[in-house]
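Secondary and tertiary structure notes
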Amino acid sequence: MRLQEILTAWLPHQRWFAGKDAPVTGVAITGQTVLADGDPGLRHLIVAVSQDGAGPAGGAAGGGPSPADGGRASLGGEPPAEG
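Conventions and cut-offs
Residues numbered from 1 in each chain as written. Predicted model: local features only at pLDDT ≥ 70, side-chain atom pairs only at ≥ 80, totals over all residues. Heavy atoms only, no water. Helix = DSSP H or I, 4+ residues; strand = E, 2+ residues; numbered from the N terminus. Buried < 20%, exposed > 50% of the residue type's maximum accessible area, 1.4 Å probe, protein only. Contact = heavy atoms within 4.5 Å. Polar contact = N/O pair within 3.5 Å; in protein donor to acceptor, adjacent residues only side chain to side chain.

**Points about the overall build of the protein**
Counting its secondary structure elements, the protein contains 1 helix and 3 strands. Seen in sequence order, the protein has helices and strands lined up from the N terminus as α-β-β-β. For the protein, buried positions account for 28% of its 83 residues. Counting only contacts in the protein whose residues sit at least 6 apart along the sequence, the fraction spanning at least 24 positions is 37%.

**Remarks on the side chain of Gln 14**
Here Gln 14 is to be found in the loop between helix H1 (3-10) and strand S1 (24-36). Look at Gln 14 and you get buried, because its relative accessible area is 16%. At 3.1 Å, the side chain of Gln 14 forms a polar contact with the backbone oxygen of Trp 10.

Worth remembering: the numbers are spatial, not functional.
Encoded structure:
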């Protein structure tokens, strides 16, 4: 499973995610920094979220909630390599 698919299913269940009123139709990773290689790995992600009835909204995934940048999230483990 690709990381975008995981985030599409995971984001709406986070208490800080503001887009609970509309289904998430897509997630695009617009930037990322590898903070730790290995298993598990750690990445800081900048994502754009698309929802029915709304354009893309950006945010970051990698820590605790942050209203200044649209929210942060912590995901465990290194996702499978994308190909």
